[in-house]
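Report on the structure
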Amino acid sequence: MFHQIGATEILIILGIVVLLFGGRKLPELARGSGRALRIFKSEVKGLQDDEDDKKPEALETTEAEKKPEQG
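Predicted model only: the values in this text are computed from it and were never measured. (Residues numbered from 1 in each chain as written. Predicted model: local features only at pLDDT ≥ 70, side-chain atom pairs only at ≥ 80, totals over all residues. Heavy atoms only, no water.)

Broken down by element type, the protein chain carries 2 helices and 0 strands. Element-wise, carbon and sulfur atoms account for 61% of the exposed surface of the protein chain, whose accessible area totals about 7,200 Å². (Helix = DSSP H or I, 4+ residues; strand = E, 2+ residues; numbered from the N terminus. Areas by Shrake-Rupley, 256 points an atom, 1.4 Å probe, with all protein chains shown as cover.)

Laid out in structure tokens, this is it:
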């Protein structure tokens with residue numbers, strides 16, 4: 001049902017992009033896309049770091065609940 005994109009399809013897509021945006025706008029478009037990807041990656045990493053910070057606390061509480069009290 002789905003197939004991978006081949007070289008011909010990529011060339012057609014690039015040709016359409018050049019026609020739509022023009023040769024002068026492509027570097028600006030690529031720069032903006034790169035910045036957006038960098039921001040997105042840093043935000044995703046920040047979310048993952050936040051989740052990693054919360055996991056040890058949850059593990060500590062479950063381990064404390066499992067241990068029988070002595071005394």
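Moving on, there is more to tell.
On to a nonpolar patch on the surface, then. On the surface, I12, I16, L20, F21 and L29 cluster together into a nonpolar patch covering about 490 Å² of accessible area. Broken down by element, the residue count for the nonpolar patch peaks at 4 residues, all from helix α1 (residues 7-21). Positionally, I12 belongs in helix α1. (Patch = residues over 30% accessible without salt bridge, like charges linked within 9 Å, V, L, I, M, F, W, Y side chains within 5 Å. Salt bridge = Lys/Arg side-chain N within 4 Å of Asp/Glu carboxyl O.)

The grouping of D49, D50, E51, D52 and D53 at the surface amounts to a negative patch. Secondary-structure assignment places E51 in helix α2 (residues 26-66). A relative accessible area of 48% places E51 in the partly exposed class. (Lys, Arg positive; Asp, Glu negative; His and termini not counted. Charge placed at Lys NZ, Arg CZ, Asp CG, Glu CD. Buried < 20%, exposed > 50% of the residue type's maximum accessible area, 1.4 Å probe, protein only.)

This brings us to α1. Relative to the 21 Å expected for 15 residues at 1.5 Å per residue, α1 spans 21 Å between its end C-alpha atoms, a close match to the ideal helical length. Where α1 terminates, the next one or two residues include G22, which has phi positive at roughly 85°. (Expected span 1.5 Å × (residues − 1).)

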